[in-house]
Amino acid sequence: MVSIRKELSEHGLIPKKRLGQHFLIDQNILNKIIRTAQIEKEDVVLEIGPGLGEMTIGLAKKAKKLITVEIDPKLVEILKKKVMDYPNVEVVKGDILKVDFDKLLSQEKNPVKVVANLPYQISTPLLFRFIELRHLFSTLTLMLQKEVGERMVAPPGGKEYGPLSIFVQLVSDPTIRFFVKPPAFFPPPKVESAVIHMAWKENPMVEVKDEEWFKKIVRGCFSYRRKTLINALKHTDLSLPPDMELRIKEIGIDHRRRPETLSIQEFVNLAEILKS
Ligand code: SAH
């Protein structure tokens, strides 16, 4: 592999912290990510933040079509030259948080597979966008900060379990495939990373009738995770029914439990009966 360091200096580039620019330099990890994404000949793939394209060519060789979205104009310029021999690659300059996905993917008949070594600053908001627009995507293979990955897959009961675990697991089956240590990147990040694979549940685990309200209840409870459920709810600024203690009892939840011990199903039931 061409040395990333050399390539950057040839172009007079300094990795931008603000854009989370940590380039993967470990070929073994790159191959493992591509394998994890399980790309088939007919697949359309969306790569976010291709950077200098270390993963891009590998993906382009497997997919029918590869769309990459990169925010840094200088990297876009370099990448465009690199993929000249790959007519199935489309390099888009843009901010993935602002991209109009319906427009970007308007040509695609089937949901696309997402692969990304993400800038860590944007991973959570982006994850929520993917969940919201999940009909457009089939699977997600994402390099994330290790702690974020652990929160995504956490079961009830532990300190990692929280709103992110619940919103992710409500609609998908996330799995941590492997961890990546800082020296696999240039420059090395301060934290460890994890590669996560997410596939949507065929049937949502439970039906959430009012998603906004459900999110408010979950977030509200976890703002006070050290309190009992009933006290946490009392401290939120949500408008809750005066007889909520009774209502909670009626669905078989002990109001003295801590929020983090509730299963996703229990949160769904809770949100439903707390609607006045
Ligand atoms: N995938 C490459 C680069 C990873 S670094 C590799 O593995 O080596 C993260 C990349 O995301 C950088 O190229 C950075 O410029 C890009 N990026 C940062 N914020 C972005 C955004 N909002 N939208 C699209 N790309 C972004």
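Here the structure is shown first, and the text comes after it.
Only a predicted model underlies this, so the values are computations on that prediction, with no experimental measurement involved.

Burial within strand 3 (residues 65-70) is extensive, with five of its six residues counted as buried. Bridge count between strand 2 (residues 44-48) and strand 3: five bridges; the pairing is parallel. What sits directly across from Leu46, in strand 3, is Ile67. The β-α-β motif built from strand 2, the intervening helix 3 (residues 56-62) and the parallel element strand 3 has right-handed crossover chirality. By the bridge criterion, five bridges tie strand 3 to strand 4 (residues 89-93) in an arrangement that is parallel. Within the sheet, the bridge partner assigned to Ile67 lies in strand 4 and is Glu90. You can see the chain leave strand 3, run along helix 4 (residues 73-82) and come back into strand 4, and the turn it takes is right-handed.

Our focus in this paragraph is the side chain of Asn88. Secondary-structure assignment places Asn88 in the loop between helix 4 and strand 4. Polar contacts involving the side chain of Asn88 include one to the main-chain carbonyl oxygen of Ala63, which spans 3.1 Å. Contacts of Asn88, omitting those with residues within four sequence positions, involve Ala60, Ala63, Lys64, Lys65 and Leu66.

Closest axis-to-axis distance for the helix 8 (residues 163-171)/helix 12 (residues 264-273) pair is 10 Å, and the angle between their directions is 100 degrees. Judged on the interaxial angle alone, helix 12 and helix 8 are roughly perpendicular. Two secondary-structure elements touch here, helix 8 through Ser165, Ile166, Gln169 and Leu170 and helix 12 through Ile264, Phe267 and Val268. Of the residues belonging to the contact of helix 8 with helix 12, the class tally is five nonpolar, two polar and no charged.

Glancing now at the site of the ligand. Around the ligand, a shell composed of 20 residues is seen, among which Gln21, Gly49, Glu70, Asp95 and Asn117 lie nearest. Within the backbone of Gly51, an N or O atom sits 3.4 Å from an oxygen atom of the ligand. Contact distances for the ligand include 2.5 Å between an oxygen atom and a side-chain N or O atom of Glu70. In isolation the ligand exposes 570 Å². Once the protein is present, 98% of that is buried. Taken atom by atom, the bulk of the ligand overlaps the largest pocket. Elements represented by at least two residues in the shell around the ligand include exactly strand 1 (23-24) and strand 3. Classifying every residue of the shell around the ligand by side-chain character gives ten nonpolar, seven polar and three charged.

On inspection of all chains with the given rule, the structure shows seven aromatic pairs. For the pair Phe128 and Phe167, a centre-to-centre distance of 5.9 Å together with 65 degrees between the ring planes defines the contact as edge-to-face. Taken together, the positions of Phe128 in helix 6 (residues 123-132) and Phe167 in helix 8 put the pair 39 residues apart, joining distant regions of the chain. By relative accessible area, Phe128 is classed as partly exposed at 23%. Given the relative accessible area of 4%, Phe167 is considered buried. Here the aromatic rings of Phe167 and Phe214 are separated by 6.2 Å at their centres, their planes lie at 70 degrees, and the arrangement is edge-to-face. Of the two residues, Phe167 sits in helix 8 while Phe214 sits in helix 9 (residues 211-222), which places them 47 residues apart along the sequence. Exposure remark for Phe214: the relative accessible area of 1% places this residue in the buried category. Put simply, the rings of Phe101, Phe130 and Phe137 pair up and form one aromatic cluster.

Calculation notes
Residues numbered from 1 in each chain as written. Predicted model: local features only at pLDDT ≥ 70, side-chain atom pairs only at ≥ 80, totals over all residues. Heavy atoms only, no water. Buried < 20%, exposed > 50% of the residue type's maximum accessible area, 1.4 Å probe, protein only. Helix = DSSP H or I, 4+ residues; strand = E, 2+ residues; numbered from the N terminus. Pairing = 2+ DSSP bridges. Right-handed = clockwise from strand over helix to strand, strands pointing away. Polar contact = N/O pair within 3.5 Å; in protein donor to acceptor, adjacent residues only side chain to side chain. Contact = heavy atoms within 4.5 Å. Axes fitted to C-alpha atoms, helices over the stretch in contact; angles between N-to-C directions. Parallel < 35°, antiparallel > 145°, perpendicular 65-115°, else oblique. Nonpolar A, V, L, I, M, F, W, Y, C, P; charged D, E, K, R; others polar. Near = heavy atom within 4 Å. Areas by Shrake-Rupley, 256 points an atom, 1.4 Å probe, with all protein chains shown as cover. 1 Å grid on protein atoms, 1.4 Å probe; cavity = no way out; pocket = protein on both sides within 12 Å on 5 of 7 lines; lining within 4 Å. Sits in = over half its atoms within 2 Å of the grid points. Phe/Tyr/Trp six-rings, centres within 6.5 Å; stacked < 30°, edge-to-face > 60°.

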